[in-house]
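Geometric and topological summary
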Amino acid sequence: MGETEIWDFPKPFVMSILVQADAIDHYGHVNNAVYVNWLQEVAWRQIAAEGISLHDYQQWQCALVVRQHCLDYLLPAFLGDHLQLATWITRCDERWALQRTFQLVRTKDKQTLLRAVSTYNCVTPHGKPRRFPAGLLATYQRLTGDTC
C-alpha cells in the first residue's frame, strides 16, 4: 500500500508520534484522553505551519473553541508504537464554524487506529460568536482547496 493510499483524503498534514510511557493507561494501551490531546497538537501544528500563531488569534480577538469531538477508536496503540496522525480541514461555513477530520495510522502495518471529526466555532475572548477574521478565513480556504 502506497503512502497516499493509507489516507482518507488527499494532502494530509501529518504529525509523527512515538507512544511514550505517560500515554499508557492501566489497561496497557494509550488512554483515550491522550488521543484528544494529540488531535489538538496536530491542529495547532498545521495552523502554525501556515504561519498563524496564538499571537495572531489574540490580535484578531478570536479563538476557535471545540463544539464537538467525535472519535471512533478502531484499534489500540501501545508503548513504543510509531504513529502518523493526519488532519484536514474538511468544512468551513465562511462565517464561524469549521470542521477538522483526523486519521491516526500505525506506521508498521498501516492500520488505521482512530478516525475523528471535530467541529470548532470562532468566538470572541468573551465567548460570543464572531466571524472568522479575513486572514484566518483565507488560510482555511487555502487548506480546504476551495471557498470554505
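Keep in mind the model is a prediction, meaning the values are calculated, not measured. (Residues numbered from 1 in each chain as written. Predicted model: local features only at pLDDT ≥ 70, side-chain atom pairs only at ≥ 80, totals over all residues. Heavy atoms only, no water.)

1. Points about the side chain of Thr87
Quick note on the threshold: For helices the rule is a DSSP run of H or I covering at least 4 residues; for strands it is a run of E covering at least 2, with both sets numbered from the N terminus onward. Exposed residues in this analysis have more than 50% of their type's maximum accessible area, buried residues have under 20%, and partly exposed residues fall in between, with area computed by a 1.4 Å probe over protein chains only. What makes two residues a contact is simply this: any of their non-hydrogen atoms within 4.5 Å.
Relative to the helices and strands, Thr87 resides in strand β3 (residues 82–92). Overall, the relative accessible area of 0% leaves Thr87 in the buried class. Leaving out residues up to four positions away in the same chain, Thr87 has contacts with Pro12, Phe13, Val42, Gln46, Arg100, Thr101 and Phe102.

2. Observations concerning helix α3 (residues 134–144)
So the rule is basically this: Starting at the helix axis, one direction is taken to each C-beta atom, and the arc is that of these directions.
Among the residues making up α3, those that are buried are Leu136, Leu137, Thr139 and Tyr140. Along the axis of α3, the buried residues cluster in a sector spanning 160°; they form a single face. Structurally, α3 contributes buried residues whose contacts are with α1 (32–49), α2 (54–60), β2 (63–73), β3 and β4 (97–106). The first or second residue beyond α3 is Gly145, which carries a positive phi of 80°.

3. Thoughts on the packing of aromatic side chains
The condition that has to hold: Here a pair means two rings of Phe, Tyr or Trp (six-membered ring of Trp) with centres within 6.5 Å. Their orientation is stacked below 30 degrees between planes, edge-to-face above 60, and tilted elsewhere.
Tallied over the full model, the rule gives seven aromatic pairs. Between Trp7 and Trp88 the ring centres are 6.2 Å apart and the planes differ by 70°, which places this aromatic pair in the edge-to-face class. Residue Trp7 is found in the segment before β1 (13–18), and its partner Trp88 is found in strand β3; the two are separated by 81 residues along the sequence. For Trp7, a relative accessible area of 9% translates into the label buried. When its relative accessible area of 6% is taken as the criterion, Trp88 is described as buried. Between Tyr57 and Trp60 the ring centres are 6.1 Å apart and the planes differ by 75°, which places this aromatic pair in the edge-to-face class.

4. As for the confidence of the model for the chain
Test applied: For every residue, the predictor states its confidence as a pLDDT score lying anywhere from 0 to 100.
Confidence in the prediction of the chain, expressed as mean pLDDT, is 93, and 95% of residues score 70 or more. Element-level pLDDT for the chain is lowest in α3, with a mean of 87, against a maximum mean of 98 in β1.

5. Details of the sheet that holds β3
Here is the rule we go by: Strands pair, by our definition, only if DSSP identifies at least two bridges between them. Axis angles are defined between N-to-C directions and span 0 to 180 degrees, where every axis is a line fitted to C-alpha atoms and, for a helix, only to the segment in contact.
In space, the five strands of this open sheet follow the order β1-β3-β4-β5-β2, with antiparallel pairing throughout. Unpaired on one side and paired on the other, β1 and β2 mark the two borders of the sheet. Sheet twist, expressed as the mean angle between neighbouring strand axes with direction ignored, is 25°. Strand direction decides the pairing type here: β1 and β3, joined by six bridges, are antiparallel. Each bridged residue has a counterpart across the sheet, and for Phe13 the counterpart in β3 is Thr87. Here α1 sits on the sheet in contact with β1, β2, β3, β4 and β5 (111–123), set at roughly 135° to β1. Packing of α3 onto the sheet brings it into contact with β2, β3 and β4, and relative to β3 it is tilted by some 115°.

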